[in-house]
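# Fold and geometry: a report
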Amino acid sequence: MKKVREFLGRRSVASFLSSLISIIIGLVFGYLLLLAFDSEKALFGIKQILFAGVSSPAKIAKVLYQAAPLVLTGLSVGFAFKTGLFNIGASGQYMVGACFALYTGIVLRQPWYVAMTAAMLGGAIWGLIPGLCKALFNVNEVITSIMFNWIGLFAVNLFFSNTPKILANYYGSANANRTANLAAANARAIIPTLGLDKLLKSPFMNISILIAVAIAVVAFIVLNRTTFGYELKACGFNKNASIYAGINAKRNTALSMTIAGCLAGIGGGIYYLSGTVQYTIEKVLLSMGFNGIPVALLAQSNPIATIFSATFISYIQVGGDAMQPEFAKEIIDIIISVIIYLSAVSLLVKGLITRLAERKKEAAPSPGQDTAQTPDDSKQEATS
Amino acid sequence: MEEYVIEMLNITKSFPGIKANDDITLRLKKGEIHALLGENGAGKSTLMSVLFGLYQPDSGTIKKDGKPVKISNPNDANDLNIGMVHQHFKLVEVFTVLDNIILGVEPNKFGFLTKKEAREKVVALSQKYSLSVEPDALVEDISVGMQQRVEILKMLYRDNDILIFDEPTAVLTPQEIKELMSIMRGLAAEGKSILFITHKLNEIMEVADRCTVLRKGKLIGTVEVAQTNREELSKMMVGRPISFEVEKQDIEPGKTVLKVENVVVPSKLHKNNAVKGISFEVREGEIVCLAGIEGNGQSEFVYALTGIEKMSSGKITLCGSDISKASIRKRSLLGISHIPEDRHKYGLVLDFSLAENLVLQHYREKLFQRFGFIRFKEVRNYARRLIEIYDIRSGQGPDTIARSMSGGNQQKAILAREIDKNPQLLVAIQPTRGLDIGAIENIHSLIVKQRDSGKAVLLVSLELDEVMNVSDRILVMYEGKIAGEFEPSKTTVEELGLYMAGAGDKARSTGQGG
């Protein structure tokens, strides 16, 4: 009994449980919506959402393939959160990263790792500018990064439209509104698969998820083990005290946004260098960047947890896709958004759990329940 | 008729993890001044919040005039004629005094304000209780003392007869405190009952009839003030005898550590300079105190001294090297330690653990990092050592989150961090603000120990008791200048008060535009 209380009282456990509970709330609400839209097929729909992602190796591959860029945009938002900044500009950084990667890969004919480095650079620039505005002129980073989303979108569109060598029709395709198929333009720019595609029997599978996981681990180490991460977190939690202690808060603000941009930029690179997707010139902001926000919220900005939350959201999306054609694409989008955004209420749920655990400490011990093992964030401190 | 106007019987109120009030009974007589004494975290504020309807007690009853009442929110309290002057005034700065007083109970006819009657009532009240205010002045233009009188008038205007004063003297000069005391006596004589929250024993001895002492959420007792003394009260409050005198060794000041020459610092609030050219020195083995009422340039000067803000002219020298333009970290490395005035805002990263806070300036040192990786083991060991030496009490040792610690222990953590650096100069701003006697005693002795070991200390304080007890030299700041220099043995609190209020300055600076 005592164990249960102690277990609940541990902050890492509270974090994990709260995320889990919010996911369940989201799923229940999603099911209710399905019932409202089409009660006969609701059961089919929720089954697809819940199980389509593991129904075949190819589906698993699809989940991991979409999760990789989501991990990175999630890390981007979460990293900035840790430093007290709200990077709503992951979408723009993601697009600029993709643009740099594609230009380097297709036009400059460089191999994939060079193109990835270019993506990182592109995202970094798109993060640096709002970061500098915040650090030097105290311009709210939310506003600048929203504007930079649109500037990024149209700049990339403009650039692609005026670079004939990057477009698909240059390489023999009929389409002029999208970038070239990498296999036709420069196969070296495609991220290697290391045989993973054969393992899961899916062309979507490559090492991108491994890259994303590796970067998440690095982000975790930087944030929690280094002096640099210590400074960033100190600035995030209490800027004034950090300044008093002699920490250069302005530099850290700019750096944090730059790193956030880097991460989102890699996300753009990793997705468009997979060789299975082409960048389409459209006047719509890409949702991959925005989905980084619920990913980060659900993971409570913990880089390791971000891997899982991104995989979850990707999983739901793959499940949603499998609901076609019984449900219209728009309805699926609504349901997925509802699940995702309700999942992000985890902070609220966490507060409830902590309170519950504290109340239990005083009251009589509750009946026992199995203590499930939590993921490896047990040492990680809960985020703000 | 019932003897007690308010009875709070067996009040218990718990918060997660702590019993803030444990079976507390407090009875307030009609026409008495009843002090509520206790250390920080003793549960005074919780108890008053229960009475004012901000919290609901877990158990216990409140009676008004012998009848049980339920107070669910401040409006209920107001209906029962209970009023409160909060520590931080709740006034609309850009409204006039009169508008502030009637705010919320505006007299009107068919929706149109009828201020005339209100004004008459306010004027009558202010004469009756000698609460001098200017009804048409804007609140932002009047002194803190007058703002407090406005708050009192607000209560009287609402016909409140149970008045709660939450640490009312914290913001006042000695003269204003005297005035407040006589106002309180006048109110009590008119039949108002006053609950007076404080941790200043002198004030209790001077004005209160009875005193209820709380310690760690428990009721220690209620005593007649006439039959007790300071020592006894402090013992009840802290649980052990307290010495009021700060023991200092006799030492001759040595070499100059800090030299300040004609420092001018611009103000962030207005176009004038906040610090208008001040010069002084602090030597080894000396505690120099900058005294003054809040807002006379002390804070801005310290910002300039520690490098947080730029000064527009002047020179600051530390141990012979010019630091006028040095970065904050450089100054810190050269030997300035700094105890900021707001420990939550500037002193600690509340969401960091205690250990992480204790290395807030040292984390880059070789001991605590290797190739940019923090050596958490060393950090924890270091924290354990400081916890031991400075007696910092916390739930989970080095891993305690700073936010969960008590104010006194948070302050001790800051002192430990700053003093353990063994600084040439310790700058302490209001180091005992909001702390109780036990913690104050602790912190004073740490500061004096620093001085006795031959280091220089610059203390900025608004508390005259502290100024007189701790310092070797007193500089009074008024409107950005040093209005006078004193030795504690050769001056009185009254004289300092005059200089702090600007009266001492008049003789010298005539004809200077405001």
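Residues numbered from 1 in each chain as written. Chains lettered and ligands numbered in written order. Predicted model: local features only at pLDDT ≥ 70, side-chain atom pairs only at ≥ 80, totals over all residues.

## A short note on the overall build of chain A
Of the regular secondary structure elements, chain A holds 17 helices and 0 strands. Here chain A, with 384 residues, has 54% of them falling under the buried criterion. Pairs at least 24 residues apart make up 76% of the contacts formed inside chain A by residues separated by at least 6 positions. (Helix = DSSP H or I, 4+ residues; strand = E, 2+ residues; numbered from the N terminus. Buried ≥ 20, exposed ≤ 12 C-beta atoms within 10 Å, placed from the backbone. Contact = placed C-beta atoms within 7 Å.)

## Quick notes on the overall build of chain B
Counting its secondary structure elements, chain B contains 18 helices and 24 strands. A compact globule built from 514 residues would reach a C-alpha radius of gyration of about 24 Å, and chain B, at 25 Å, matches this within 12%. Dimensions along the principal axes, computed over C-alpha positions, put chain B at roughly 70 × 60 × 45 Å. In chain B, buried positions account for 46% of the 514 residues. (Rg over C-alpha atoms; globule rule 2.2 N^0.38 Å.)

## Considerations on the interface of chain A and chain B
At the interface, 18 residues of chain A touch 24 residues of chain B. At 5 residues, helix H11 (residues 227-237) of chain A tops the list of elements feeding residues into the side of chain A that touches chain B. For the side of chain A that touches chain B, the per-class residue count stands at 8 nonpolar, 6 polar and 4 charged. (Nonpolar A, V, L, I, M, F, W, Y, C, P; charged D, E, K, R; others polar.)

## So, the sheet that holds strand S17 (residues 321-322) of chain B
Residues and elements named next belong to chain B. If you walk across this open sheet you meet the 4 strands as S14-S13-S16-S17, and the pairing is antiparallel. Among the strands making up the open sheet, the edge pair consists of strand S14 (273-283) and S17. Bridging between strand S13 (residues 256-266) and S14 involves 8 bridges; their strand directions are antiparallel. Bridge pairing in S14 places Leu258 opposite Val282. (Pairing = 2+ DSSP bridges.)

## Some points on the sheet that holds strand S15 (residues 286-291) of chain B
Picture the strands of a sheet paired through backbone hydrogen bonds; they go either parallel or antiparallel. All names here are of chain B. Pairing is mixed in the open sheet, where 6 strands are placed in the order S18-S21-S22-S15-S23-S24. What marks the edges here is a single partner per strand, and that holds for strand S18 (336-339) and strand S24 (481-486). Ignoring which end each strand starts from, the neighbouring axes of this sheet average 20 degrees apart. Bridge count for strand S23 (residues 473-478) against S24 is 5 bridges, and the pairing is antiparallel. The residue bridging Leu475 from the neighbouring strand is Glu485, located in S24. Its contacts with the sheet put helix H9 (residues 298-306) on S15, S18, strand S21 (425-429), strand S22 (456-461) and S23, and the angle it makes with S21 is roughly 150 degrees. The sheet strands contacting helix H17 (residues 493-500) are S15, S23 and S24, and the helix crosses S23 at an angle near 30 degrees. (Axes fitted to C-alpha atoms, helices over the stretch in contact; angles between N-to-C directions.)

## Regarding helix H13 (residues 249-272) of chain A
When the terminal C-alpha atoms of H13 of chain A are compared, their 35 Å separation across 24 residues agrees well with the 34 Å that a helix rising 1.5 Å per residue should span. Counting buried positions along H13 of chain A yields 22 of 24 residues, so the element is predominantly enclosed. (Expected span 1.5 Å × (residues − 1).)

## So, the pairing of S21 of chain B
Residue and element names in this part refer to chain B. Burial analysis of S21 places 5 of its 5 residues in the buried class, the great majority of the element. With burial as the criterion, each face of S21 is covered, one bearing Leu425, Val427 and Ile429 and the other bearing Leu426 and Ala428. In the sheet, S18 pairs with S21 via 4 bridges, with the strands oriented parallel. Looking at S21, one finds that Ser337 is bridged to Leu426. Note: S21 against S22, 5 bridges, orientation parallel. From the neighbouring strand, Leu425 faces S22, where its bridge partner is Ala456.

## Observations concerning the pairing of strand S4 (residues 59-64) of chain B
All names here are of chain B. Pairing geometry for strand S1 (residues 4-15) and S4, over 5 bridges, is antiparallel. Within S4, the position partnered with Met8 by the bridge is Ile62. Looking at chain direction, S4 and strand S5 (residues 67-69) are connected through 3 bridges and run antiparallel. Residue pairing for S5: Lys63 is matched across the bridge by Pro68. Counting the residues between successive antiparallel strands, the hairpin from S4 to S5 contains 2 residues, one of them, Asp65, with a positive phi of roughly 50 degrees.

## Thoughts on the nonpolar core
Judged by nonpolar contacts, the single largest core of 156 residues is most densely connected at Cys289, Leu425, Val427 and Val476 of chain B. Looking at this core element by element, the count peaks at 6 residues for helix H5 (residues 144-157) of chain B. Ignoring any residue separated from it by four or fewer positions in sequence, one finds Leu425 of chain B in contact with Val257, Leu258, Val282, Leu318, Gly335, Ile336, Ala456 and Leu458 of chain B. By size, the runner-up hydrophobic cluster in this structure holds 106 residues, among which are Val96, Val156, Ala305 and Ile332 of chain A. (Core = buried A, V, L, I, M, F, W, Y, C linked by C-beta atoms within 7 Å.)

## Topic: unusual backbone geometry
Although it is not a glycine, Ser130 of chain B adopts a positive phi angle of roughly 40 degrees. For Ser130 of chain B, the position within the fold is in the loop between helix H4 (115-128) and H5.

## Examining the domain arrangement of chain A
A common way to report how large an interface is uses the accessible area buried once the components associate. Residues and elements named next belong to chain A. The assigned domain composition of chain A is domain 1 (1-55 + 330-368) and domain 2 (56-321). Taking the mean C-alpha position of each, domain 1 and domain 2 sit 28 Å from one another. Facing 20 residues of domain 1, the contacting portion of domain 2 comprises 16 residues. Looking at side-chain class alone, the side of domain 1 that touches domain 2 contains 13 nonpolar, 7 polar and no charged residues. (Domains from an automatic or database assignment.)

## Quick word on H5 of chain B
Residue and element names in this part refer to chain B. Taking 1.5 Å as the rise per residue, H5 with 14 residues should run 20 Å; its terminal C-alpha atoms sit 20 Å apart, in good agreement. Restricting attention to buried positions, one finds in H5 the residues Gln148, Arg149, Val150, Glu151, Ile152, Leu153, Lys154, Met155, Leu156 and Tyr157. Where H5 is buried, its residues meet strand S6 (82-85), helix H3 (97-102), H4, strand S9 (162-166) and helix H6 (174-189). Where H5 ends, the next residue or the one after it, Asp159, has phi of about 60 degrees, a positive value.

## Observations concerning the domain arrangement of chain B
All names here are of chain B. Taken domain by domain, chain B comprises domain 1 (4-238), domain 2 (243-335 + 423-514) and domain 3 (346-420). With 9 residues of domain 1 at the interface, the matching set in domain 2 holds 12 residues. Of all the secondary structure elements, the ones that give two or more residues to the side of domain 1 that touches domain 2 are H6 and helix H8 (230-238). Here the residues of the side of domain 1 that touches domain 2 sort into 3 nonpolar, 5 polar and 1 charged.

## A few points about the packing of helix H6 (residues 112-137) of chain A against H13 of chain A
Residue and element names in this part refer to chain A. Where H6 contacts H13, the two axes come as close as 6 Å, and the packing angle between them is 150 degrees. Regarding H6 and H13, the two cross each other, and that crossing is right-handed. Across the contact of H6 with H13, the residue classes break down as 17 nonpolar, 11 polar and 2 charged. (Left-handed = near helix turned anticlockwise from the far one by under 90°.)

## What about the environment of Thr432 of chain B?
Residue and element names in this part refer to chain B. Relative to the helices and strands, Thr432 is located in the loop between S21 and helix H15 (437-452). C-beta crowding within 10 Å serves as the criterion here: with 23 such atoms nearby, Thr432 is assigned to the buried category. For the pair Thr432 and Ala291, spaced 141 residues apart in sequence, the C-alpha to C-alpha distance is 14 Å. Here Thr432 is in contact with Ile440, Ile443, Glu463 and Glu466, once residues within four sequence places are set aside.

## Focus: the packing of H6 of chain A against helix H7 (residues 141-161) of chain A
Residues and elements named next belong to chain A. The contact between H6 and H7 brings their axes to 9 Å, and the two run at 150 degrees. Taken together, the axis directions place H6 and H7 in an arrangement best described as roughly antiparallel. Both H6 and H7 take part in a crossing whose hand is right-handed. Counted together, Trp126, Ile129, Pro130, Gly131, Cys133 and Lys134 of H6 and Glu141, Thr144, Ser145, Phe148 and Gly152 of H7 form the full contact between these two elements. (Parallel < 35°, antiparallel > 145°, perpendicular 65-115°, else oblique.)

## What to know about the environment of Asn262 of chain B
All names here are of chain B. With respect to the element layout, Asn262 can be found in strand S13. In this structure the C-alpha to C-alpha distance between Asn262 and Ser279, which are 17 residues apart in sequence, comes to 5.1 Å. Setting aside anything within four residues of it in sequence, one finds Asn262 in contact with Gly277, Ser279, Ser313 and Gly314.

## With respect to the confidence of the model for chain B
Confidence in the prediction for chain B averages 86 pLDDT; 97% of positions are at 70 or higher. Throughout residues 507-514 of chain B the model reports pLDDT below 50, and contacts reaching past four residues in sequence, or to other chains, amount to 0 contacts. (pLDDT = per-residue confidence, 0-100.)

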